Amino acid sequence: MTTSESPWASGDGDIVIPPAPAAAKPQPAHQHLGGLVTFATRPQTPAGKAAPPPLPPKDPNRRLLLWFGGTAAGVLLLGMVIVLALVLTGDVNPLQSHAQNGPDRRPPLAKLCPPPTSYPEPNYEAPPVPAGPRTVDTKAGISYKAYGDPWGPWRDSWSAGTLKVQYRIGQDIITERYSEGTYHASILSGSVPATANDGTQLDLKCTGRQVAADARVSYYPQPNTIEMLRDEAAVLGGRPAWVSKFRLHFDNSKRGLTAKDELVAIAMIDVGRPEAAVLYISIPGTHRQLDYVVDEVLDSVRYAGR
């Protein structure tokens, strides 16, 4: 027990009872004071209403898919910009057919000699057809002078070489026989596809030289040397042409061939068709007395269109 006085004691011995504290005013049942109210539990759904469906779980791959989708869209947009730029500059044609990108099916001569970028239409007056016998090659579209004995009708068909020029019509002389067969002087004509599709424009210089080179490789002993006598544009029978005239020198005596040279003329003639007419004249050196035939036949050419 402490020595301090009891709080209940006063100097006169009376007991003083302190007043009781005033009772707090009752608050309304649903009144809230200012500030954030946090519920410890989910609010109850009113009776008679269905509970909302639960939220789907988050997909961990969704962000990755969105990233890839955005990247693909960017690449597509960049590709469209590049194609548009190429189209505007003329470097590509997006409407070009697949067939044009396929194998090149043009004739060999059309591959070697594309058509010229500009081609003046021929405006030549065709001279009258000379009198006398003529060889008419309706398929090639030309006619030319025909000769009597010792010349006879050509009964064969040559189509050797890369270009496969078909010589079907004409005349020939068998000038000698040797171990490889017969050797001929010839005046032959044929045709060769020289343009693609239905085109009719020819690069006469290129095509004429290609046909001459093909004949040199295909029909003469190898090796041989060439002595060029004429290689130029010409007009034959009122039609544009390219004429190559040359003498070939060779030695095939080991096979028994007597001839060691030959005078040759090859004319490529534009007859206004996809196939060019070809005239081939050859006189072996053993028969030089017939050399005049070369120029005479060239001068006699006329158009024989269908």
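You'll find the structure just up there.
Predicted model only: the values in this text are computed from it and were never measured. (Residues numbered from 1 in each chain as written. Predicted model: local features only at pLDDT ≥ 70, side-chain atom pairs only at ≥ 80, totals over all residues. Heavy atoms only, no water.)

A few words on the sheet that holds strand β1 (residues 134-137). Strand order in this open sheet of three strands is β1-β2-β10, and the pairing throughout is antiparallel. Of all the strands in the sheet, the pair left with one neighbour each is β1 and β10 (302-303). As judged from the four bridges shared by β1 and strand β2 (residues 142-145), these two strands associate in the antiparallel manner. Residue pairing across strands places Thr135 opposite Tyr144, the latter belonging to β2. The strands touched by helix α4 (residues 292-300) are β1, β2 and β10; relative to β2, the strand with the most contacts, the crossing angle is about 140°. (Pairing = 2+ DSSP bridges. Helix = DSSP H or I, 4+ residues; strand = E, 2+ residues; numbered from the N terminus. Contact = heavy atoms within 4.5 Å. Axes fitted to C-alpha atoms, helices over the stretch in contact; angles between N-to-C directions.)

For the structure on display, the rule yields eight aromatic pairs. A centroid spacing of 4.8 Å and a plane angle of 80° characterise the contact between Trp154 and Trp158, whose relative ring orientation is edge-to-face. Look at Trp154 and you get buried, because its relative accessible area is 9%. An angle of 25° between the planes, with centres 5.1 Å apart, marks the rings of Trp158 and Tyr219 as stacked. Residue Trp158 is found in the loop between β3 (152-153) and β4 (166-178), and its partner Tyr219 is found in helix α3 (residues 204-219); the two are separated by 61 residues along the sequence. Each member of the aromatic cluster is reached from another via a ring pair, and the members are Trp154, Trp158, Tyr167, Tyr219 and Tyr280. Cation over ring: Arg239 sits above Tyr303, and NZ or CZ is 5.3 Å from the ring centre. (Phe/Tyr/Trp six-rings, centres within 6.5 Å; stacked < 30°, edge-to-face > 60°. Buried < 20%, exposed > 50% of the residue type's maximum accessible area, 1.4 Å probe, protein only. Lys NZ or Arg CZ within 6 Å of the ring centre and 35° of its normal.)

So, about the pattern of salt bridges. Under the defined criterion, the tally for this structure stands at nine salt bridges. Between Lys260 and Asp251 there is a salt bridge, with the nearest N and O atoms lying 3.2 Å from each other. Given the relative accessible area of 40%, Lys260 is considered partly exposed. Note that Arg288 and Asp261 form a salt bridge whose closest N and O atoms lie 3.1 Å from each other. Taken together, the residues span a long stretch of sequence, with Arg288 in the loop between β9 (275-284) and α4 and Asp261 in strand β8 (residues 261-269) at a distance of 27 residues. On the basis of relative accessible area, Asp261 is assigned to the buried category, the value being 12%. Each of Arg247, Asp261, Arg288 and Asp291 takes part in a single network of salt bridges with overlapping partners. (Salt bridge = Lys/Arg side-chain N within 4 Å of Asp/Glu carboxyl O.)

Nothing here speaks to function; it is all geometry.
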